[in-house]
Structure formats: C-alpha cells, structure tokens
Amino acid sequence: MTPKITHIETLLVDIPTIRPHKLSMTSMAVQTMVIVRIKDDQGLEGLGEGTTIGGLAYGPESPESIKTNIDHYLSPLLIGQSLASINALMLRLHTSVKGNSIAKSALQTALLDLQGKHLGVPVSTLLGGAIHSHIPCLWVLASGDTDKDIAEAKALMASGRHCDFKLKIGSRHVKDDVAHVAAIKAALGDGASVRVDVNQAWDEATATLGMAALQAAGVDLVEQPTPAKDIDTLIRLSHKFNIPILADESVADASDILALVARGFNGGIALKIAKAGGPIDALYAATVSSAAGMGLYGGTLLEGSIGTAAAIHAWSTLPKLHWGTEMFGPLLLKDDIIKQPLNYHNNGVDVPQQPGLGIEIDEAKLAEYQRK
Ligand code: MUC
Ligand code: MG
C-alpha cells in the first residue's frame, strides 16, 4: 500500500549565530528556521526546512510567511494525498499556489526525506544517485572586522576545515570594502581562494571601480555585484572583466537562467534549493546552466542542518561544481536540533549515506529552540 500523508506540522526555530554575520542588507545575530514535519499513515516522518536571511531583508518570503503559507495554503493540498509521486504532489502545489519557493522547497525536502525512508535509500539516490561522497565547502567571513576575519580564516585553514573563503561586502564605501578584501587576501596568500558577495549593493559605476580593484587584489570571483533585476548591467560587467561574475539573486530557477544566458551572460550560477523551489528544481536549474556552459556553485540561504543536508544530497549528484559550495550554514549556529551533526573536514562536507536526508531530530533541542 502506498503511504498517504496524514499530518503536516511547521515550527519556527530560532538559534543564535556564533558571531554577528554582516551582509550588505542586514546583520544577523540569530537564524530562524521553519522546520516541516510530514507524517504518513504508516508511521514515518519526513523532515524539511525553509530558511531565509534577516526576516524580509533578503527576499519576499519571511520565516513567518513561510509558516503561514504552508499551514493555510500548501499543507491542505497535500493532506490525504498518496506519496507515490513527488512530481505529482509538487504540480498540485504549483497549480494552486504561485511563488513561495522557500515554502515549496521545505515541503519538497520533507517529501523526499519521507520517500527515501520508505524506500530505504538516501535522498541523493532519489535524485538520480550521488557521484561524490564528499563535496567542497567554503566558509563565509562576515564579522565586519578585517583583523577578526583574518584570524578566523587562519584558524580554519590551520584546522583543515576550510581553505576557500567568501567575503560579504557592499555595506561600506567601495574603497573601504576593497581595502578590507585586499588585506585578507594578502594575509591568507595563494593557499586560499578568496571570493566576494556584494549582494546587489553596487551600481554599474561602483561595480566597475570595485571589480577592477578586486581583480588586481587576486580575488577569484565576484557574486551579484549589482541589483537582481538589472540584468543588462550584470551581462555588461561579465564581459568587461576577466574576474568571473557569479549570478545569485538575479536567477532563481531554470527559466531565469535561460533568460540570462540567452541575453549573453558569461559567468557562473549560484544554485539554491530555496530559490528554485526544492532540490529537484535546483537540479533542473543546474541542467539548464550546464547546457549553456555556465559554471555551477552550490549556494545557501544559511539553512540549518536539515536544509543544508537536502542541498548536499542534490549537489552530490552533479558531475562538476566549478566553484564548489557554501553549505556551511549549520556551522554558523551556536547549537543544532539534530542528533548527529554533518561532518565537515578537508575543505568540505560528507554526503549523508543513511535513508532519506540521513538526519535525526534531537527532540529536546528542538523544544529548547522552538519559538513559543
Ligand atoms: C547569499 O547571498 O549568497 C550565502 C552565504 C552567506 O553568508 O549568505 C548567503 C546568501
Ligand atoms: Mg549571494
């Protein structure tokens, strides 16, 4: 008998970060995750997560809207349905609910976890099969202080946990930001890849100045220097410099990527399960990007362990991640709500091998951090 979905619960979980995490649009001291628990009539449970950055500072879905929209609009479409086809269930959601890609990603993740547990296979197997058992993972330096960032990066390099770094810039004057990045690159040397994420903060003139200086400083990649919707500027900048551009906020799903490359973009693509609407959709986006010759990067919206594990399963099925991944979200948090943390080592993270996501909830920790 095919299992039927009987119950869907959503919980807001707030966990403090290990230090302030400063981006161009906000500074985070706590991360809020929407945890989804889907139960079926055979007694199994699937876990999912929908997470964003800084409430509504990053994008149009907030943790509270993700929870409300799952509870009121999306869950009722799934309750009572058979688990036989996740594609059919997602079509049901898309037919009645526009947008809400983070909420849909959380549900799709929970459905994949549940299906994997029933079939006794990891989510990566449901997605076509893992090619890699360990995927690269960088660390993001965003304390807002140059010396602290250098000390943090050197400690991580010495431990072997990370040797690639992304720096969050864009909130200060471009000259100050460039001086900050150049000092970090000089301190870390050739053994470290240093990239920056401007999170849309620059206009074209500022980006032209900033990218020339970052290129001279030895930075490897510039992520989303200009506003998401200003596609023409992003394309012009991608032709102007040898330093590659990574498109992030400008591209959510496969159709955005198709539109960007059709207009001549020449750079890399940051894939995120939350932007695409789930791991399955993020892999469609990867296929379109690869067909157009774009380099791939496994991105995050700073999910905790559940969302991060879902993305790791997806990225493990890709033959090549040209720019690696940034699946470090759980390490930014002071504590976790799962029993066995993901295993980070050697500039990367292991792909869980157990059925489903390979994650088990720590109920006491969940109760401690659940919003009351
Ligand atoms: C983003 O824009 O890439 C990823 C890492 C991080 O620190 O913030 C995110 C969002
Ligand atoms: Mg980004």
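Residues numbered from 1 in each chain as written. Chains lettered and ligands numbered in written order. Predicted model: local features only at pLDDT ≥ 70, side-chain atom pairs only at ≥ 80, totals over all residues. Heavy atoms only, no water.

Some details on the coordination of the magnesium ion (ligand 2)
Metal coordination angles in their ideal form are 109.5 degrees for the four-donor tetrahedron and 90 or 180 degrees for the six-donor octahedron. Protein-derived ligands of the magnesium ion (ligand 2) are Asp197 (OD), Glu223 (OE) and Asp248 (OD), with the metal-ligand distances lying across 2.0 to 2.2 Å. The sequence pattern describing where the donors of the magnesium ion (ligand 2) fall on their chain is D-x25-E-x24-D. One end of the pair, Asp197, is in strand E7 (residues 193-197); the other, Asp248, is in the loop between strand E9 (245-247) and helix H9 (254-262), and 51 residues separate them in sequence. Overall, Asp197 belongs to the buried group, its relative accessible area being 0%. (Donors = N, O, S within 2.8 Å, 3.2 Å for Na, K, Ca; no water. Helix = DSSP H or I, 4+ residues; strand = E, 2+ residues; numbered from the N terminus. Buried < 20%, exposed > 50% of the residue type's maximum accessible area, 1.4 Å probe, protein only.)

Observations regarding the UniProt feature "domain: Mandelate racemase/muconate lactonizing enzyme C-terminal" (unreviewed entry) in the protein
Those places that UniProt annotates as "domain: Mandelate racemase/muconate lactonizing enzyme C-terminal" (unreviewed entry) correspond, in this numbering, to residues 147-244. Helix and strand shares over residues 147-244 are 52% and 13% respectively, and the end C-alpha atoms of the span are 27 Å apart. (UniProt positions renumbered as here; feature names shortened; annotations may be inferred.)

Looking at the UniProt feature "active site" (unreviewed entry) in the protein
According to UniProt, the positions carrying the feature "active site" (unreviewed entry) are Lys168 and Glu326. The named residues occupy 159 residues along the chain; their greatest pairwise C-alpha distance, 12.7 Å, places them in one compact cluster. The topology assignment puts Lys168 in strand E6 (residues 164-168). If we skip the residues at most four places from it in the chain, Lys168 touches Lys22, Leu23, Val140, Leu141, Ala142, Asp197 and Asn199. Not counting residues up to four positions away in its chain, the partners in contact with Glu326 are Cys137, Leu138, Lys166, Lys272, Tyr297, Gly298, Gly299 and Thr300. (Contact = heavy atoms within 4.5 Å.)

Here's the deal with the site of ligand 1
Close contacts around ligand 1 come from 16 residues, with His21, Tyr58, Lys166, Asp197 and Asn199 the closest. Residue Lys166 places a side-chain N or O atom 3.0 Å away from an oxygen atom belonging to ligand 1. Between ligand 1 and Lys272, the relevant distance is 3.2 Å, taken from an oxygen atom to a side-chain nitrogen or oxygen of the residue. When ligand 1 sits alone it has 280 Å² of accessible area, and the protein chains cover 100% of it. There are two domains that each give the shell around ligand 1 at least three residues, and those are domain 1 (5-125 + 362-369) and domain 2 (128-350). (Near = heavy atom within 4 Å. Polar contact = N/O pair within 3.5 Å; in protein donor to acceptor, adjacent residues only side chain to side chain. Areas by Shrake-Rupley, 256 points an atom, 1.4 Å probe, with all protein chains shown as cover. Domains from an automatic or database assignment.)

Some remarks on the sheet that holds strand E2 (residues 27-40)
One open sheet holds the three strands; their spatial order is E1-E2-E3, and the pairing between them is antiparallel. Bordering the open sheet on either side are strand E1 (5-22) and strand E3 (45-51), each of which pairs with just one other strand. Here the average twist between neighbouring strands, direction ignored, is 20°. Note: E2 against E3, seven bridges, orientation antiparallel. Of the residues in E3, the one forming a bridge with Ile35 is Glu49. Its contacts with the sheet place helix H3 (residues 101-119) against E1, E2 and E3, and it is angled at close to 155° to E3. Its contacts with the sheet place helix H12 (residues 305-315) against E2 and E3, and it is angled at close to 100° to E3. (Pairing = 2+ DSSP bridges. Axes fitted to C-alpha atoms, helices over the stretch in contact; angles between N-to-C directions.)

Focus: the packing of helix H1 (residues 63-78) against helix H2 (residues 86-96)
One way to put it is that H1 packs onto H2 with a least axis distance of 9 Å and a crossing angle of 140°. In terms of their interaxial angle, H1 and H2 are classed as oblique. Taken as a pair, H1 and H2 cross one another with a handedness that is right-handed. Listed contacts from H2 to Leu74, Leu77 and Leu78 of H1 are Leu89, Arg92, Leu93 and Ser96. Class assignment for the residues of the contact of H1 with H2 results in five nonpolar, one polar and one charged. (Parallel < 35°, antiparallel > 145°, perpendicular 65-115°, else oblique. Left-handed = near helix turned anticlockwise from the far one by under 90°. Nonpolar A, V, L, I, M, F, W, Y, C, P; charged D, E, K, R; others polar.)

A closer look at the environment of Ser65
Mapped onto the fold, Ser65 is located in helix H1. Note on Ser65: relative accessible area 21%, which makes it partly exposed. When the C-alpha atoms of Ser65 and Ala103 are compared, they prove to be 8.6 Å apart, with 38 residues separating the residues in sequence.

Observations regarding the nonpolar core
Ranked by size, the top nonpolar core spans 120 residues in total, and within it Leu214, Trp315 and Ile337 carry the most contacts. Counting the residues that make up this core, at least three belong to each of domain 1 (5-125 + 362-369) and domain 2 (128-350). In contact with Trp315, other than residues within four places in its own chain, are Ile135, Leu271, Lys272, Ile273, Ala282, Gly298, Gly299, Leu321, Thr325 and Met327. (Core = buried A, V, L, I, M, F, W, Y, C linked by side-chain atoms within 4.5 Å.)

Description of unusual backbone geometry
The phi torsion of most residues other than glycine is negative, and most of the peptide bonds are trans. Unusually for a residue other than glycine, Gln224 sits at a positive phi of about 35°. Structurally, Gln224 is set in the loop between strand E8 (221-223) and helix H8 (231-240).

A look at the domain arrangement of the protein
Domain annotation of the protein identifies domain 1 (5-125 + 362-369) and domain 2 (128-350). Placing the centre of domain 1 and that of domain 2 at their C-alpha centroids yields a distance of 23 Å. With 42 residues of domain 1 in contact, the opposing surface of domain 2 contributes 51 residues. Counting the surface lost from both domain 1 and domain 2, the interface buries some 3,500 Å², and carbon and sulfur atoms represent 61% of this. Inspection of the domain 1/domain 2 interface yields two salt bridges. Remark: the boundary between domain 1 and domain 2 carries 26 residue pairs in polar contact (both at pLDDT 80 or more). Only E1, E2, E3, H2, H3, helix H4 (123-126) and helix H13 (363-369) provide two or more residues apiece to the side of domain 1 that touches domain 2. (Buried area = accessible area lost by both parts, 1.4 Å probe. Salt bridge = Lys/Arg side-chain N within 4 Å of Asp/Glu carboxyl O.)

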